[in-house]
Amino acid sequence: MSIRGFASDNNSGISPEVLKKIEEVNRGHVVGYGDDKYTETAVDLIKKNFGTGAIPFFVFTGTAANVLGIASSIRPFHSVFCAETSHIHVDECGAPERFAGCKLIPIETPDGKIKPDMLSKHMVGFNFEHHSQPGILSISQVSEMGTAYTINEIKDLADFAHRYGLLLHMDGARLSNAVVALGTGFKEITADAGVDILSFGGTKNGLMAAESVIFFREELADEFKYIRKQGMQLSSKMRYIAAQFIAFFENDLWKRNAIAANSMAHILYLAVKDIPEIKITQKVEANGVFIILPKHIIPALQKEFFFYPWNEETGEVRWMTSWDTTEEDIRRFVKVLKELVRA
Ligand SMILES: Cc1ncc(COP(=O)(O)O)c(C=O)c1O
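Residues numbered from 1 in each chain as written. Predicted model: local features only at pLDDT ≥ 70, side-chain atom pairs only at ≥ 80, totals over all residues.

1. Thoughts on helix H1 (residues 16–25)
All of the buried residues in H1 are Val18, Lys21, Ile22 and Val25. One side of H1 holds all its buried residues, which, seen down the axis, span an arc of 100°. Turned more than 90 degrees away from the buried face of H1, the exposed residues are Pro16, Lys20, Glu23 and Glu24. Looking at the buried residues of H1, the elements they touch are helix H2 (37–50) and helix H12 (238–249). (Buried ≥ 20, exposed ≤ 12 C-beta atoms within 10 Å, placed from the backbone. Helix = DSSP H or I, 4+ residues; strand = E, 2+ residues; numbered from the N terminus. Arc of directions from axis to C-beta. Contact = placed C-beta atoms within 7 Å.)

Here it is, written out as C-alpha cells:
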C-alpha cells in the first residue's frame, strides 16, 4: 500500500459510505438531469443545512462552481475582487476571465483573508464607463493559506460589499473544514452572514466529484439552469452526484471527515512546531500547514511523502491533511523530516 502524502486533500480516496450510497442508487432507471427522487433528497438536505432560502445546483468540479456561479451573477464589464492567493486567481487557468469575461483584481493579503480596509481604495470609478465596475467580492473559506474567516469577519465583508452594491461570493471548497474549526453551522457562516453565492465543495472532504453552486438570493438563481447547461456541467446521471451529497449529510459524514482532517493537521503542527530548523508561516486553523523548510531537504522529503512547494523562493511548502490521514502517517513523516533536518 502506498504511503499517504501531504500534497492535497484531493489525493485521498472517497469515503466508503459514499461509494456505498452510489451503489445503493444504482438500481433501475430514474429520470435524468436531476428530475429524480435522489436529487430531490439532496436538495432538501442542502436546504436543511443552509436554510430554506438556499437554492442549490450540482456540478462536477470546484472550478466550475466558482466560474459558473460568478459568471452567472455579473456582466463582462464587472470586476471581481479576490485574494492574490485565491484559487480563482491562481489555479483556474484564467477560466473566470474566459467564461465571465470579467476582470479579476487580486488583493494582497498576509494570510489569505481579505479585510474591508484592503478594499476601500478599490471602491472607485462607479458609473464611470472607463473603469470596470466593481461587481463581486470573492473570498475562500477555508482560505488558500489554511486560515478561516470568523462569522463576524464574513459579516463585515458582506456589509462592506453590499454597501457598495457588490455581491459576496464564497469559494467553499473546504467549507466543512471551516465549519468544524469554528464550531458553527453551515447556515450561520453563509446565508446568515450575508453570503450571496456559495461554491460548496464535497470532493476534498470524501466525495468523488460532487460540488455545488448555492444561491441565497432567488433572483441570482433564476437563469442559472441555462448557464450550468451552457457551461457543460449539467449531469445527465445526476442521481450519482446527489447520492454523494446524501451520504455527505447522512450521519454527519461531512463533519466526521472534516474533524478528522483538521485534527490531523493540528497533530502535525504540534509535532513539528518546535523543530528549530523550520518555521510555521500561517495559523493552523483547518487542514493545511504552511512551513518554511531548509530548501536542501525538500526534494528528499518529497520523494518519500509527496507535497507541493508553495513559494520556491523562500522554501515555503504546503502540507495538507485529509479525512483519511492517520497519526501513523504523521509519525513516519515527522521522523523522516527530523532525520533530514538534522543530517
Ligand atoms: C480553494 C479551492 N477552490 C476550488 C477548488 C476546486 O478545484 P477543482 O476544480 O479542481 O475541483 C480547489 C481545489 O484545489 C481549491 O483549493
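2. Remarks on the site of the ligand
Around the ligand, the surrounding shell consists of Asn10, Thr61, Gly62, Thr63, Asn66, His87, Ser140, Glu144, Asp171, Ala173 and Thr203. By residue number, the principal contributor to the shell around the ligand is helix H3 (residues 62–71), which donates 3 residues. (Near = placed C-beta within 6 Å.)

3. Here's the deal with the pairing of strand S5 (residues 167–172)
When a strand is regular, its side chains alternate between the sheet's two faces. Of all the 6 residues making up S5, 6 are buried; the element is thus mostly covered by neighbouring parts of the structure. The alternating pattern of S5 places Leu167, His169 and Asp171 and Leu168, Met170 and Gly172 on opposite faces, both of which are buried. Two strands pair when backbone bridges link them, and strand S4 (residues 133–140) and S5 are joined in this way by 5 bridges, in the parallel orientation. Across the sheet, the residue bridging to Ser140 is Asp171, located in S5. In this fold, S4 hands off to helix H7 (residues 151–163), which returns the chain to S5; that crossover is right-handed. Relative to strand S6 (residues 197–201), S5 runs parallel, the two being bridged by 4 bridges. What sits directly across from His169, in S6, is Ile197. (Pairing = 2+ DSSP bridges. Right-handed = clockwise from strand over helix to strand, strands pointing away.)

4. Things to note about the packing of H2 against H12
Between H2 and H12, the least distance of the axes is 8 Å, while the angle of their chain directions is 40°. Judged by the inter-axis angle, H2 sits oblique to H12. In this structure, H2 crosses over H12, and the sense of that crossing is left-handed. Seen from H2, the contacting residues are Tyr38, Thr39, Thr41, Ala42, Leu45 and Asn49; seen from H12, they are Met238, Arg239, Ala242, Ala243, Phe245, Ile246 and Phe249. A breakdown of the residues in the contact of H2 with H12 according to their chemical character gives 9 nonpolar, 3 polar and 1 charged. (Axes fitted to C-alpha atoms, helices over the stretch in contact; angles between N-to-C directions. Parallel < 35°, antiparallel > 145°, perpendicular 65-115°, else oblique. Left-handed = near helix turned anticlockwise from the far one by under 90°. Nonpolar A, V, L, I, M, F, W, Y, C, P; charged D, E, K, R; others polar.)

Interpretation in functional terms is not warranted from these geometric data alone.
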